[in-house]
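Per-entry structural report
Take a look at the letters that make up each chain.
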Amino acid sequence: MIPFREGSLLWGGSSFVELLHRVRPENASLPSVVPSGGGERSSSVFSGSPASVPVWHGTTVLALTIRSGVVMAADRQASEGYQVADRAIQKIFPVDRSSAVAIAGAAGPAIEMARLFRVEIEHYEKLEGVALSLLGKANKLGQMVRDHLPLALQGLLVVPLYAGYDSRTGAGRIFKYDAAGGRYEEETFHSNGSGGLFARNVLKMLYHPEMDETEGVSTALRALYEAADDDLATGGADFVRGIFPLVHVIDRDGVREVPVTDVSRVLEEIGDRLKRRVTP
Amino acid sequence: MTMPFYVSPEQFLQDKAEYAKKGISRGRSIAVLEVIEGILLVADNSSHALHKISEIYDRVAFAGVGKYSEFENLRKAGIRYADLKGFMYSREDVTGRSLANAYSELLGNAFSQEMKPMEVEILLADLGTEDRPNEIYRISFDGSIFDESLVSVVGGRSDQLKTFLKDRVRPGVTLKEGLSLVRSGFLEQNENGHPVMNIEAAILERSATGRCFRRFSPEEVGRLLSNDP
């Protein structure tokens, strides 16, 4: 049955997160039910020190603006300590027709957050009959990161990177977050995760605002290459298994994944150029 | 002690049904057709802001006639139900059938338990896949549920429009043909003519992936109805 009288579970506003909270009050991603210092409800996940619970971590994700929109890229590796937990996880999630979120941090809660965020945005659009603005969506994600703070304090840090095409300004926009839910807009590029610093350094050298799509994709892949080169937890291209970084382009036509064949070709070109440089 | 007037349950329910039917027939019609491109939903609606047709989930669309506030609440409850189910289980576990059953139960309860029945009639369209045919459900104010195919009409003088369309719609009509048939039906119903602007149309598109619902803008409707190919 669908009850929709005032006071019933399915009554209320346009937020799916709030709806989920009413229907499933034990949902751990919501702040009021997560004890901040362990507490009675604590499970091994909540009470143990971060190191005692094996948690998968995702690593390098990045986004950069190009002339027509924005490019997002991420490696595919999930790590558990010094071991590879998964070689082909997905870290970029399309949210709607004009934006995508890339996650770094504890893989479980991060993927859950991306899924929840996507439903939240779609739920709002369906109920209200109109989509949220890009800034509205970015702020909503900030609230979700802040709601996650108690878990972040216990070691399950999740830091998303959000990028989209803003039809009102006609340009790509990038939003980065801190663990406390702070939302900061980045006009050029940003990268997150353990290899984020290396990727950022490459982007800093190569970035210019007039890039076209091809150059944007190859710059993103070069940054990921360097991140994988210097960071243990970031996966590089795997030519044996055919696993390559995920690259998404977001512009006025929507969100689309760059085909694997194109990604591998660009990576081979990068490899060839580098070979010429290091071999005498 | 005063005795309440005795009204036989039969009389009571009949009165309620009549009340609801009156409310529903006052409105304008909505038609749902199976076309080659997917499932077409067309409403006779003069407002561009207050929709009668809406997306519920990836492959499920909703159309309601009658009292706006009532079918709007039903629509929202359906979206909440579907999104919750899709989030807790998986997106493919949200089906038109389970939604139709939930609506039927809700309307049935409201009809038998509340003083005022809901003055609504709703249509639920579930776009099929390669291994599953389309499903169209019509759910009436008393919770009775009808499994329809090819054409379904609710609201206003629905019988007239239904006869008109049943005579003309054949399996395998295109979107363009279907839309102009419904428009002829609207013209038939209104002696004073029927402006194209009063047509609200949307489709569950077979060629789409993920969210298949697409609303046509008034310009698109005009273009689809124009004669040039």
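Right above here is the structure, for reference.
Residues numbered from 1 in each chain as written. Chains lettered and ligands numbered in written order. Predicted model: local features only at pLDDT ≥ 70, side-chain atom pairs only at ≥ 80, totals over all residues. Heavy atoms only, no water.

1. Observations concerning the packing of helix 5 (residues 175-189) of chain B against helix 6 (residues 218-225) of chain B
Helix packing for two helices is described by the angle between their axes and how far apart those axes are. All names here are of chain B. The cut-off we apply is this: Interaxial angle, 0 to 180 degrees, is taken between N-to-C directions of lines fitted to C-alpha atoms, where a helix line uses only the stretch in contact. Under the scheme used here, helices are H or I runs from DSSP no shorter than 4 residues and strands are E runs no shorter than 2 residues, and both carry numbers assigned from the N terminus. In what follows, roughly perpendicular refers to angles from 65 to 115 degrees, roughly parallel to angles under 35, roughly antiparallel to angles over 145, and oblique to any angle outside these ranges. Only heavy atoms matter for contacts: two residues are in contact if any of them lie within 4.5 Å across the pair. Each residue is assigned to one of three groups, with Ala, Val, Leu, Ile, Met, Phe, Trp, Tyr, Cys and Pro labelled nonpolar, Asp, Glu, Lys and Arg labelled charged, and all others, Gly among them, labelled polar.
It is the contact of helix 5 with helix 6, at a shortest axis distance of 9 Å, that shows an interaxial angle of 95°. If you check the angle between helix 5 and helix 6, you find them roughly perpendicular. Every residue of helix 6 that contacts helix 5 at Leu175, Lys176, Leu179, Ser180 and Arg183 is listed here: Val221, Arg223, Leu224 and Leu225. Partitioning the contact of helix 5 with helix 6 into residue classes produces five nonpolar, one polar and three charged.

2. Comments concerning the sheet that holds strand 2 (residues 61-65) of chain A
All names here are of chain A. Which entries qualify depends on this criterion: DSSP calls a pair of strands paired once it identifies at least 2 bridges connecting them.
Read across the sheet, five strands follow the order 11-2-3-12-13 without closing on themselves; strand pairing throughout is antiparallel. Here the strands that pair on one side only, and so sit at the sheet edges, are strand 11 (189-192) and strand 13 (254-257). The sheet shows a mean angle of 15° between the axes of neighbouring strands, direction not considered. Relative to strand 13, strand 12 (residues 246-251) runs antiparallel, the two sharing four bridges. Within strand 13, the position partnered with histidine 248 by the bridge is glutamate 257. Across the sheet, helix 6 (residues 196-206) lies against strand 2 and strand 11, angled at about 165° from strand 11, the strand it touches most.

3. Describing the interface of chain A and chain B
Which entries qualify depends on this criterion: The term buried area means the drop in 1.4 Å probe accessible area that two parts suffer when joined, counted for both and summed. The salt bridge definition used is simple: a Lys or Arg side-chain nitrogen within 4 Å of an Asp or Glu carboxyl oxygen. Definition of a polar contact: a pair of N or O atoms within 3.5 Å, with one able to donate and the other able to accept a hydrogen when the atoms are protein atoms, and with sequence-neighbouring residues admitted only if both atoms are side-chain atoms.
Chain A puts 24 residues into the contact, and the matching count from chain B is 29 residues. The junction of chain A with chain B conceals about 2500 Å² of combined surface from both sides, 61% of it contributed by carbon and sulfur atoms. Linking chain A to chain B there are three salt bridges. Counting every contact that joins chain A to chain B gives nine residue pairs in polar contact (both at pLDDT 80 or more).

4. Some details on the environment of glutamate 226 of chain A
All names here are of chain A. The cut-off we apply is this: For every residue, the accessible area obtained with a 1.4 Å probe (protein chains only) is divided by the maximum for its type, and the residue is called buried under 20%, exposed over 50%, and partly exposed between those limits.
Mapped onto the elements of the fold, glutamate 226 is located in helix 7 (residues 213-230). Looking at glutamate 226, the relative accessible area reads 15%, which means it is buried. Taking the C-alpha atoms as reference points, glutamate 226 and asparagine 201, separated by 25 residues in sequence, lie 9.2 Å from one another. Apart from the residues lying within four places of it in its own chain, the contact partners of glutamate 226 are Phe198, Val202 and Leu274.

5. Remarks on the pattern of salt bridges
One pass over the structure, following the stated rule, counts 33 salt bridges over all chains. Ionic pairing is found between arginine 91 of chain B and aspartate 58 of chain B, a salt bridge with its closest N-O pair at 2.8 Å. Of the two residues, arginine 91 of chain B is situated in the loop between helix 2 (68-88) and helix 3 (96-113) and aspartate 58 of chain B in the loop between strand 3 (53-57) and strand 4 (60-66); the sequence distance between them amounts to 33 residues. For arginine 91 of chain B, a relative accessible area of 22% puts it in the partly exposed group. Taking the relative accessible area as the measure of exposure, aspartate 58 of chain B reaches 11% and is therefore buried. The salt bridge involving glutamate 205 of chain B is made with arginine 214 of chain B; its shortest N-O contact spans 3.2 Å. Here the salt bridges share partners, and the residues they tie into one network are Glu122 and Lys126 of chain A together with Asp58, Asp83 and Arg91 of chain B.

6. Considerations on the environment of tyrosine 19 of chain B
Residues and elements named next belong to chain B. Tracing the chain through its elements places tyrosine 19 in helix 1 (residues 9-26). C-alpha separation for the pair tyrosine 19 and serine 47, spaced 28 residues apart in sequence, amounts to 25 Å. Discounting chain neighbours no more than four positions away, the residues touching tyrosine 19 are Lys116, Pro117 and Glu119. Looking at tyrosine 19, its side chain comes within polar contact range of the side chain of glutamate 119, at 3.3 Å.

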